[in-house]
Every structure is written in structure tokens, then in C-alpha cells.
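This is what each chain is made of:
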Amino acid sequence: MLEKFITFCRYCNAAVLLFVALFFFILPGATVIHDLQDFNLRSASIPKAAWRMHRDLTPKYEQWARERLDSTRATELTTSNISGTEWPLFGSVFYLWATESLQDAWEKNHALTPIEPKVSAKEAIAITTRLVIDPRQANWVKKHWGENYLKTQNAFYRMLVISALTSHARLTGEKQYLPLLKDQVESLSAEIDASPNGLLEDYPGECYPGDVLTAIAMIRKADQVLGTDHSTFVHRAIRGFQNQALDPRGLVPYAAQAIKGCPIGPSRGCGNSYVSLFSPQIWPEASVRWYDLYSKYFWQETWTAAGFREYPNDMPGGDWYFDVDAGPVLKGYGFAACAFGVGAARVNGHFEHAYPLTTELLATSWPLPNGTLLVPRLLSNATDAPYLGEAAILYVLTRLPGENIVIRTGGSTPNFTLIILMLEWCIGLGLVVAAIWLLRRWSKRGGASTVPLPRLQLGAWTGLSLIALIVLFTGEPLLASLLLLIAQMLPRNSRLLTTDRCNP
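Remember, predicted model here, so these are calculated numbers, not experimental data. In this convention, every chain numbers its residues from 1, walking through the sequence in written order. At least 70 in pLDDT is required for a residue's local features to be given in this predicted model, at least 80 for side-chain atom pairs to be given and counted, and no such filter applies to totals for whole chains, interfaces and linings, which use all residues. As a rule here, side-chain values come from all non-hydrogen atoms in the structure, and water together with hydrogens is ignored.

Quick word on the overall build of the protein chain
Reasoning step 1: Summing up its helical and strand segments, the protein chain has 20 helices and seven strands in all.
Reasoning step 2: Here the radius of gyration uses the C-alpha set of atoms, whereas the globule reference equals 2.2 Å times the residue count to the power 0.38. Its C-alpha atoms give the protein chain a radius of gyration of 26 Å, near enough to 23 Å, the size a compact globule of 504 residues would have.
Reasoning step 3: Projected onto the principal axes, the alpha-carbon positions of the protein chain cover approximately 95 × 50 × 45 Å.
Reasoning step 4: Residues counted as buried form 56% of the 504 residues belonging to the protein chain.
Reasoning step 5: Contact criterion: two residues are considered in contact whenever any of their non-hydrogen atoms come within 4.5 Å of each other. Considering only contacts in the protein chain between residues 6 or more positions apart, those separated by 24 or more positions represent 73%. Helix numbering and strand numbering both begin at the N terminus, where a helix is a DSSP run of H or I of at least 4 residues and a strand a DSSP run of E of at least 2. Between buried and exposed lies partly exposed: a residue is buried under 20% and exposed over 50% of the maximum accessible area for its type, with that area taken using a 1.4 Å probe on protein chains only.

Rendered as C-alpha cells:
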């Protein structure tokens with residue numbers, strides 16, 4: 001009986017290897033290859049992968065947002081914890097923006113999905129909106145600006161509030177938040193208008209022009225649901241993004257001195273991709289000029305990859321870097337610059353950039369069969385914002401150019417995309433071969449009769465396997481997979497016994 005159980009363990013281990021091969025490597029590679037066949041990657045339409053991502057992400061995001069709203073976690077974080085404070089709300093706004101875009105597409109073509117996005121995501125829309133405007137979630141900006149945080153500077157957070165309330169009104173048609181929305185639109189626009197140089201700070205002494213530009217775009221967008229007209233304000237607001245307010249290359253700087261209206265340091269890729277997402281909505285002529293300059297100074301193509309640099313190509317250094325906004329910078333390529341560059345290129349009609357960037361994004365997202373995007377999940381804040389990366393990818397894939405944008409096509413699949421796919425399949429097939437080889441090796445070495453301390457080894461194997469299953473059902477597939485891989489080491493043969501058997 002003991003020998004049969006040991007043999008059973010070995011076959012289970014082989015099955016685990018086969019599962020890992022299929023779940024983490026072969027099927028993700030097949031999913032990416034399938035997604036790359038979509039013509040919408042090269043055209044002004046939403047890729048089919050985005051619809052699948054939204055369907056998979058919605059129930060998970062709803063559950064997480066509900067748990068976050070019910071917890072006191074946000075009140076316990078320090079102002080230095082950027083990913084823990086900003087990312088939960090930014091991710092929620094990304095999700096709402098993406099849902100809006102999918103809903104707009106569905107209203108033009110009902111065949112895209114059997115259930116309209118605003119219906120399938122009804123609860124998620126409601127709970128994410130509540131999360132963004134919840135005063136406890138704003139605890140970190142209260143520490144910066146005090147109880148008057150909704151009327152003093154604080155451009156980034158107030159932009160998020162306006163964005164969430166506008167999306168909620170557009171998606172649900174409900175009017176419960178319109179008074180708060182109007183109050184925020186009027187107070188923020190008035191404060192920007194009255195500022196010395198058209199800029200406000202996010203935090204004391206920290207001004208990021210990209211956030212101010214996005215706030216201006218969201219104020220204009222809110223006119224759609226409020227019935228107001230801030231076109232005159234928007235026309236004047238460009239003063240904060242002209243002449244001395246730009247960097248020497250003519251681009252919107254990453255950081256600036258609000259009181260003086262001048263740049264602090266150069267323009268950066270993460271900031272340019274962000275600015276290029278929203279500037280076409282408010283200043284189309286300036287947006288064309290900025291994107292052309294962005295491409296000139298930041299676009300980089302090598303034999304392996306294509307994408308946007310984090311620092312200009314005429315500026316020495318900056319090839320290897322990391323911070324919370326840029327993410328990892330590898331050989332000049334910025335993760336955030338390239339990821340948000342997908343949406344920036346799509347919004348500006350540059351599909352010769354959008355296509356290669358999207359192929360790299362889909363390949364490196366590593367889509368698992370359960371709907372998880374592995375790499376974005378790993379790069380997100382597992383404690384406070386586990387779905388930020390997936391919400392951001394969904395957002396950029398749902399960006400579309402405006403009606404008057406010139407569409408440029410082209411672009412090819414970078415070798416980087418092919419390398420990732422080959423790596424996935426080679427590892428996956430290697431694990432399949434390993435599973436077969438280990439079973440054959442086990443049989444040749446005498447099977448269960450060569451296992452020392454069999455009951456102890458079986459107990460350890462059983463314990464690891466049961467814990468892995470429990471962890472898996474609690475929603476931690478990565479930890480479960482790690483435990484199962486550790487269990488692969490058991491039961492082990494005795495080297496002495498196997499040697500004696502081979503050399504009687």
C-alpha cells in the first residue's frame with residue numbers, strides 16, 4: 001500500500017509539472033499569439049483582448065474595492081507610501097475610464113458583447129466611485145493639505161474625484177453625485193484660472209504639469225454631464241503649457257515650479273505618454289506638436305525592441321533607472337512610458353507606434369488562463385493596489401483617436417515580442433519533457449523501494465500539497481504554485497540504494 005502511494009505521489013508530481021507547463025507557459029503563449037492576430041491592434045477599434053480583460057477583471061476589482069472600502073488600511077499609510085495611497089484610486093479611475101470606452105463602443109455595435117459593459121459592471125462602477133471619493137481614502141492628501149483638501153491645490157486627487165464622478169454619471173445616468181461634481185469642477189477651474197502661471201501643486205512644493213493638464217481635460221469632459229461650458233477656461237489654461245513653461249525641447253516638463261511657471265529638469269517619457277493621452281481632447285494642435293517632438297526625442301528602435309525612452313535620446317545617461325512613476329527603465333526603455341505609450345499612440349492616431357508597443361505589452365503581460373495578467377500583477381502593489389497594472393493595461397487598450405485625428409498605420413512585430421513567446425513555449429515544452437523523463441528515471445531506479453523514511457517523506461509531500469490547495473482556493477495561485485513546486489522534491493530516492501542497485 002505504501003509503495004502504491006509513493007508511486008501515486010510521483011505521478012501527481014508529473015501532473016503538477018504538466019499543469020505548470022500548460023498554465024504558466026504554453027497557454028499564455030497561445031493566448032498572446034491569438035491576440036496578435038486581431039486586426040484591431042492596427043486600427044482605430046478596441047482590441048478583442050480588452051473585452052476579455054474587462055470581463056475577467058470586473059468581479060475581482062469589485063471584490064477588492066469593496067474590501068478596501070470596508071477596511072481602515074488607507075488611514076494607516078504614510079504620505080511617503082506613494083503606491084499604497086495613489087495607486088488604489090488611480091487604478092479605480094483607469095477601470096472606470098476603460099468601462100466608459102467599452103460602453104461607448106457597445107452602443108455603436110451591440111454585437112461586440114452580449115451584455116453591455118455598464119450592466120455587467122454595474123456593482124463595480126458603483127463601488128469604485130465610492131472608493132475614489134471616500135474621505136478615508138484621501139487621508140494622505142489630508143495630511144498634506146488639511147481638511148480643506150478639496151479646495152486647496154491638490155490637483156491630482158481632485159482630478160481623480162472629477163474623473164470618477166463624471167464616469168459614474170455617464171455610465172449610470174444617476175444624479176446623486178452631480179452637486180459634488182459641479183462643486184469640484186467650478187472650484188478647481190477657478191483656482192487654476194486664478195493661479196499665477198496656470199499650474200497647481202499635487203503636494204506642497206511638488207507640481208507635476210501632466211496632472212494639471214489631465215485635470216483641465218477632465219473639467220472639460222465633465223461639461224458633458226453637467227451641461228456647463230468651460231471652453232473659455234480651457235482656451236486660457238494653455239498658458240501653463242506654453243513658452244517658458246516648456247522644457248528646452250518644447251515638451252511639457254515632468255515637474256515644474258508652480259509659483260514661477262518654469263520646468264524642473266527635463267521632460268520624461270512617463271510624463272509625455274501621460275500628457276499625450278489627454279491633450280488631444282483639449283488642445284489638438286499643441287497635442288500634434290508635442291507628440292511629434294516626443295517621437296523625435298524619445299522613440300527608440302533596436303534589433304530587439306521598439307518603444308519610448310524614459311529620458312531623451314540626446315541626453316547622456318538614464319539607460320538604467322527606477323522610480324515609482326517610471327517603473328523599471330531598461331536600456332533606456334521606460335516601462336511606464338511604453339505602457340502608457342500604447343494609449344498615447346492610439347489616441348494620437350500613430351498606430352505605427354501603437355502596434356509594436358501593443359505586441360510587446362501583450363507578450364510581457366503574460367496572460368494566465370484564469371484571466372490574471374501575471375507581470376502587471378507582480379509589478380503592482382500586492383497589499384494596496386493589486387489590480388493597478390491590469391486596470392492600466394485595460395485602459396490603454398481602450399483608447400481611441402478622435403474624429404479629426406489623422407490615422408497612421410504601419411509598424412512591425414519587434415523581436416522582443418518573439419523572444420518572449422519563444423521563451424514561454426521553450427520553458428513549457430521543457431517542463432513537459434522533464435515530467436516524462438522523471439517518471440522514466442523513477443521507474444529505472446527501482447521506484448518506491450528505494451525511498452528512505454517513506455512515511456516522513458509522504459507526510460511532508462501530503463502537507464505541502466494540502467496547503468497549496470488551500471492557498472489556491474484563497475486566491476493566491478502564485479504561492480500555491482511555489483508550494484507545489486517544492487513538493488516536486490519529494491519523495492526522494494536514496495542515492496546509496498540506487499547506486500547499489502546499479503552496481504550489485
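Some words on the side chain of glutamate 360
Reasoning step 1: Looking at the secondary structure, you find glutamate 360 in helix α14 (residues 351-365).
Reasoning step 2: Positive charges come from Lys and Arg alone, negative charges from Asp and Glu alone, with His and the N- and C-terminal ends not counted. Whenever a carboxyl oxygen of Asp or Glu lies within 4 Å of a side-chain nitrogen of Lys or Arg, that contact is scored as a salt bridge. Although glutamate 360 is buried, it makes no salt bridge; arginine 42 carries the closest opposite charge, 13 Å away.
Reasoning step 3: Leaving out residues up to four positions away in the same chain, glutamate 360 has contacts with Ala305, Ala306, Pro414, Phe416 and Thr417.

Section: the layout of surface pockets
Reasoning step 1: Its boundaries defined by the atoms lining it, the second largest pocket holds a volume of some 1,200 Å³.
Reasoning step 2: At six residues, helix α3 (residues 82-108) tops the list of elements feeding residues into the lining of the second largest pocket.
Reasoning step 3: Residues were grouped as follows: Ala, Val, Leu, Ile, Met, Phe, Trp, Tyr, Cys and Pro as nonpolar; Asp, Glu, Lys and Arg as charged; and all remaining residues, including Gly, as polar. Here the lining of the second largest pocket is composed, by residue class, of 18 nonpolar, eight polar and nine charged. Whether a set of points on the 1 Å grid over the protein atoms alone is a cavity depends on a 1.4 Å probe fitting there but being unable to get out, while an open set qualifies as a pocket with protein on both sides within 12 Å along at least five of seven lines; lining residues are those with an atom within 4 Å of a point. Grid points are joined across faces, edges and corners, and a volume is the space filled by probe spheres set on the points.

Re the nonpolar core
Reasoning step 1: Ranked by internal contacts, the top residues of the largest apolar core, which has 145 residues, are Phe94, Trp97, Ile216, Phe241, Phe278, Trp283 and Trp290.
Reasoning step 2: For this core, the element with the most residues is α3, which contributes twelve residues.
Reasoning step 3: With five residues, the next largest nonpolar core counts Leu458, Trp461, Ala487 and Leu490 among its residues. The criterion is simple. A nonpolar core is a set of buried Ala, Val, Leu, Ile, Met, Phe, Trp, Tyr and Cys residues joined through side-chain atoms within 4.5 Å.

Digging into the sheet that holds strand β6 (residues 327-330)
Reasoning step 1: The three strands lie next to each other as β5-β6-β7, forming an open sheet whose pairing is antiparallel. Each edge of the open sheet carries a strand with a single partner, namely β5 (320-323) and β7 (333-334).
Reasoning step 2: Strand pairing is assigned whenever DSSP detects at least two bridges linking the two strands. Pairing of β5 with β6, which is carried by four bridges, proceeds in the antiparallel orientation. Bridge assignment links aspartate 323 to a residue of β6, and that residue is glycine 327.

Section: the packing of α3 against helix α16 (residues 388-397)
Reasoning step 1: Where α3 meets α16, the closest approach of the two axes is 8 Å, and the angle between their N-to-C directions is 30°. In terms of orientation, α3 and α16 fall into the roughly parallel class. As α3 runs across α16, the sense of the crossing is left-handed. Within the contact between the two elements, α3 uses Trp87, Phe90, Gly91, Phe94, Tyr95, Trp97 and Ala98 and α16 uses Leu388, Ala391, Ala392, Leu394 and Tyr395. Axis angles are defined between N-to-C directions and span 0 to 180 degrees, where every axis is a line fitted to C-alpha atoms and, for a helix, only to the segment in contact. Oblique is the label for any angle not under 35 degrees, not over 145, and not in the 65 to 115 range, which are roughly parallel, roughly antiparallel and roughly perpendicular in turn. Each crossing gets its handedness from the near helix: less than a right angle anticlockwise from the far helix is left-handed, clockwise is right-handed.

Side note on the pattern of salt bridges
Reasoning step 1: For the structure shown, the criterion picks out 20 salt bridges.
Reasoning step 2: The salt bridge partner of arginine 220 is aspartate 223, with a shortest N-O separation of 2.8 Å. Taken together, the residues span about one helical turn, with arginine 220 and aspartate 223 both in helix α9 (residues 209-226) at a distance of three residues.
Reasoning step 3: Overall, the relative accessible area of 7% leaves aspartate 223 in the buried class.
Reasoning step 4: Within this structure, Glu100, Asp104, Arg170 and Lys221 form a network of salt bridges that share partners.

Section: α9
Reasoning step 1: When the terminal C-alpha atoms of α9 are compared, their 25 Å separation across 18 residues agrees well with the 26 Å that a helix rising 1.5 Å per residue should span.
Reasoning step 2: Taking burial as the measure, the 18 residues of α9 include 15 buried ones, the bulk of the element. Expected span of a helix: the number of residues minus one, times 1.5 Å.

Overview of the packing of aromatic side chains
Reasoning step 1: Note on aromatic contacts: the rings of Phe and Tyr and the six-membered ring of Trp form a pair at centre separations within 6.5 Å, being stacked when their planes are under 30 degrees apart, edge-to-face when over 60 apart, and tilted otherwise. What the rule picks out here adds up to 26 aromatic pairs.
Reasoning step 2: Seen from their ring centres, tyrosine 61 and tryptophan 64 are 5.1 Å apart, and the 70° between their planes marks the pair as edge-to-face. Note that tyrosine 61 and tryptophan 64 are positioned in helix α2 (residues 48-70) at a spacing of three residues, about one turn of the helix. This pair shows no difference in class: tyrosine 61 is buried, exactly as tryptophan 64 is.
Reasoning step 3: Considering the side-chain rings of phenylalanine 94 and phenylalanine 340, the 5.6 Å spacing of their centres and the 40° angle between planes classify their relative orientation as tilted. With phenylalanine 94 in helix α3 and phenylalanine 340 in helix α13 (residues 335-347), this pair connects stretches of sequence that are 246 residues apart. Of the two residues examined, phenylalanine 94 and phenylalanine 340, each falls in the buried class.
Reasoning step 4: Grouped by ring-pair contacts, the aromatic residues Phe90, Phe94, Trp97, Phe156, Tyr274, Phe278, Phe340 and Tyr395 constitute a single cluster.

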